[in-house]
Amino acid sequence: MITIKRYGYIYEKIYDYDNLKLAHRQARKGKSHYKEVKMVNENEDYYLIQLQNMLIWKTYKTSKYKVFIKNDSGKEREIYKLPYFPDRICQWAIMLQIEDILLKTFTDFSCASISGKGIHYAFKLLDKYMKDEEGTKYCLKIDIKKFFPSIDQEILKQLLRKKFKDKDLLWLLDEIIDSIEGDKGIPIGNYTSQYFANYYLTYFDHWLKETLGLKYVIRYMDDIVILGDNKSELHDIRKEIQKYLWANLLLEIKDNYQVFPSRIRGIDFVGYRHFGDYVLLRKSTASRLKRKMRNILKKVESGKPMNYSDWCSVNSYKGWVMWCNGYNLTKKYIEPLIPYCEKFYKEEILGESSKFNIS
């Protein structure tokens, strides 16, 4: 059973200058060319002391968001973006001090937006489960309806109070939670949101494991896969989950839940289709791979040079395919592009006049 220990004396560590300096170092990774990052880099002490004073005197207020729509595999999502200073540095400073505390509450099957527990962790966990052929004959696959926009802000605040007793820290976390209008939702795009979302479901995760006694369960953010040997029992589990999520977290399951034979149909999860003894790339991902690789090959064979985006695409899909039974995809669509990728790497990435920093 999860032990509830409450933590205090954290807020001062957040605004400690060395912590703010480390937060800036972490937040700017891969973004050193951004105008805002350059601005802070050029006068680091000035900006970090400004942020420190905002936190000491509690005058910090989350800046106005820029909101844009991102199409993610056919789903439209609202993405919220904050300025680099002071907000993204501030959120990194917070997480440097509370990340480990939150991670201790997560189960071994909680995945997504957790260091070391991303797509490939979930992939390997499902692969491990399916070695028990009899115990994983059927799969219950559920998805939480509009998860990020449906998170109840007051419930989230109360859950955070189960873990933290530092009033100043709670003031700052509340400030970020309240930074979008209404009493529902946390912004996709905030660094803190990925942790808040996982923490919102952490007691649910423990309920699945310790109260329902589920042996084979994986949660990848709001996508949940549960395996068992009895189709009827999985339907009953789904009903219990619906009751728990609504009663405790005001969340609903999407109507597209499924219970099916895991090896006959295959489990479509984290970009792959798992059949137990073999794994295929998800159909939509395989279609995009074929289309993209054909277009790049047509381009380079016509004499046009490969660019950095092309090189990244080939290597990205090469990485996806190496985790599944993708010999034919590799042979037909990726291997013809390897000589062009090697030439680009040698001349453009490693070349003396390269603009790419690979250190």
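Above this text you will find the structure in question.
My aim in this report is to walk through the structure given alongside it, one point at a time. Here the residue numbering is sequential within each chain, running from 1 through the sequence in written order. At least 70 in pLDDT is required for a residue's local features to be given in this predicted model, at least 80 for side-chain atom pairs to be given and counted, and no such filter applies to totals for whole chains, interfaces and linings, which use all residues. Hydrogens and water molecules were not included; the side-chain quantities draw on all heavy atoms of the structure.

So, the pairing of strand E6 (residues 223-228)
Step number 1: Whether a residue is buried, partly exposed or exposed follows from its accessible area with a 1.4 Å probe, protein chains only, as a fraction of its type maximum: under 20%, in between, or over 50%, in that order. Only runs of H or I of at least four residues qualify as helices and only runs of E of at least two qualify as strands under DSSP, and these elements are numbered from the N terminus. Taking burial as the measure, the six residues of E6 include five buried ones, the bulk of the element.
Step number 2: Inspection of the sheet shows strand E4 (residues 138-143) paired to E6 by six bridges, in the antiparallel sense. Paired with Asp-143 across the strands is Asp-223, a residue of E6.
Step number 3: Pairing analysis gives five bridges linking strand E5 (residues 216-220) to E6, with the strands arranged antiparallel. Considered in E6, the bridge of Tyr-220 is made with Asp-223.
Step number 4: Strand pairing follows a simple DSSP-based rule, namely that at least 2 bridges must link the two strands. Between the end of E5 and the start of E6, which pair antiparallel, lie two residues, with Met-221 showing a positive phi angle near 55°.

Digging into the nonpolar core
Step number 1: Working definition of a nonpolar core: buried Ala, Val, Leu, Ile, Met, Phe, Trp, Tyr and Cys residues. They are joined through side-chain atoms within 4.5 Å. In this structure, Leu-55, Phe-147, Phe-164, Phe-204 and Ile-241 are the most contacted members of the largest nonpolar core, which totals 112 residues.
Step number 2: With eleven residues, the top contributor of residues to this core is helix H5 (residues 84-103).
Step number 3: Once residues within four sequence positions are removed from consideration, Phe-147 is found in contact with Ala-197, Tyr-200, Leu-201, Met-221, Asp-222 and Leu-251. Only heavy atoms matter for contacts: two residues are in contact if any of them lie within 4.5 Å across the pair.

Looking at the pattern of salt bridges
Opposite charge on two side chains makes pairing possible when the charged atoms of those side chains draw close.
Step number 1: A side-chain nitrogen of Lys or Arg and a carboxyl oxygen of Asp or Glu constitute a salt bridge if their distance falls within 4 Å. In the structure shown here, the tally under the stated rule is 15 salt bridges.
Step number 2: Salt-bridge contacts for Glu-240 lead to Lys-243; the nearest nitrogen and oxygen are separated by 3.6 Å. Residue Glu-240 and its partner Lys-243 are both found in helix H12 (residues 231-249); the two are separated by three residues, about one turn of the helix.
Step number 3: In this structure, the salt-bridge partner of Glu-347 is Lys-343, at a minimum N-O distance of 3.3 Å. Of this pair, Glu-347 and Lys-343 are both found in helix H17 (residues 338-349), four residues apart, which corresponds to roughly one turn of the helix.

Details of the state of the cysteines
Step number 1: To count as a disulfide, a pair of cysteine sulfur atoms needs to be within 2.5 Å. Applying the stated criterion across every chain yields a total of zero disulfides.
Step number 2: With no disulfide of its own, Cys-139 has Cys-111 as its nearest cysteine by sulfur position, at a separation of 14 Å.
Step number 3: For Cys-139, a relative accessible area of 0% corresponds to the buried category.
Step number 4: The closest cysteine sulfur to the non-disulfide-bonded Cys-312 is located on Cys-341, 9.6 Å from its own sulfur.

A look at the packing of helix H2 (residues 17-27) against helix H4 (residues 44-56)
Step number 1: Axis definition: a line fitted to C-alpha atoms, over the contacting stretch in the case of helices. Angles run 0 to 180 degrees between N-to-C directions. Their axes nearest at 10 Å, the elements H2 and H4 cross at an angle of 120°. It follows that H2 is oblique to H4 by the angle criterion. Between H2 and H4 lies a crossing of right-handed hand. Counted together, Tyr-17, Leu-20, Lys-21, His-24 and Arg-25 of H2 and Glu-44, Asp-45, Leu-48, Ile-49, Leu-51, Gln-52 and Leu-55 of H4 form the full contact between these two elements.
Step number 2: By residue class, the composition of the contact of H2 with H4 is six nonpolar, two polar and four charged. Oblique is the label for any angle not under 35 degrees, not over 145, and not in the 65 to 115 range, which are roughly parallel, roughly antiparallel and roughly perpendicular in turn. Whether a crossing is left-handed or right-handed is set by the direction in which the near helix is turned from the far one by less than a right angle, anticlockwise for left-handed and clockwise for right-handed. Charged residues are taken to be Asp, Glu, Lys and Arg, nonpolar residues to be Ala, Val, Leu, Ile, Met, Phe, Trp, Tyr, Cys and Pro, and polar residues to be all remaining types, Gly included.

Some words on the environment of Asp-183
Step number 1: Locating Asp-183 in the fold gives a position in the loop between helix H9 (167-177) and helix H10 (191-200).
Step number 2: What makes Asp-183 exposed here is its relative accessible area of 54%.
Step number 3: For the pair formed by Asp-183 and Lys-162, sequence separation is 21 residues and the distance between their alpha carbons is 20 Å.
Step number 4: In this structure, Asp-183 is in contact with Ile-151, Asp-152 and Gln-153, ignoring residues within four places of it in sequence.

What to know about the sheet that holds strand E10 (residues 279-281)
Step number 1: The three strands lie next to each other as E8-E9-E10, forming an open sheet whose pairing is antiparallel. Each edge of the sheet is formed by a strand with only one pairing partner; in this case those strands are strand E8 (267-269) and E10. In this sheet, adjacent strand axes meet at a mean angle of 25° when their direction is disregarded.
Step number 2: Looking at chain direction, E8 and strand E9 (residues 272-274) are connected through three bridges and run antiparallel. Each residue of the ladder has a partner; that of Asp-268, found in E9, is Arg-273.

A closer look at the sheet that holds strand E3 (residues 110-111)
Step number 1: Strand order in the open sheet formed by five strands is E3-E5-E6-E4-E7, with mixed pairing between adjacent strands. Two strands lie at the open edges of the sheet, namely E3 and strand E7 (258-261), each paired on one side alone.

Things to note about H17
Step number 1: When H17 is considered as a whole, its buried residues turn out to be Cys-341, Phe-344 and Ile-349. Across the axial projection of H17, the buried residues extend over an arc of 70°, all falling on one side. Facing away from the buried side of H17, by more than 90 degrees, are the exposed residues Glu-342 and Lys-346.
Step number 2: Each element contacted by the buried residues of H17 is listed here: helix H15 (308-321). To obtain the arc, one takes the directions from the helix axis to the C-beta atoms.

Regarding the side chain of Thr-192
Step number 1: Locating Thr-192 in the fold gives a position in helix H10.
Step number 2: Look at Thr-192 and you get buried, because its relative accessible area is 0%.

Description of the packing of H2 against H5
Step number 1: The N-to-C vectors of H2 and H5 enclose an angle of 110°; their axes lie 8 Å apart at closest approach. As far as their axial angle goes, H5 and H2 are roughly perpendicular. Side by side, H2 and H5 meet where Asn-19, Leu-20, Leu-22, Ala-23, His-24, Gln-26 and Ala-27 of the first sit next to Tyr-84, Arg-88, Ile-89, Trp-92, Ala-93, Leu-96 and Gln-97 of the second.
Step number 2: Tallied by class, residues from the contact of H2 with H5 come to nine nonpolar, four polar and one charged.

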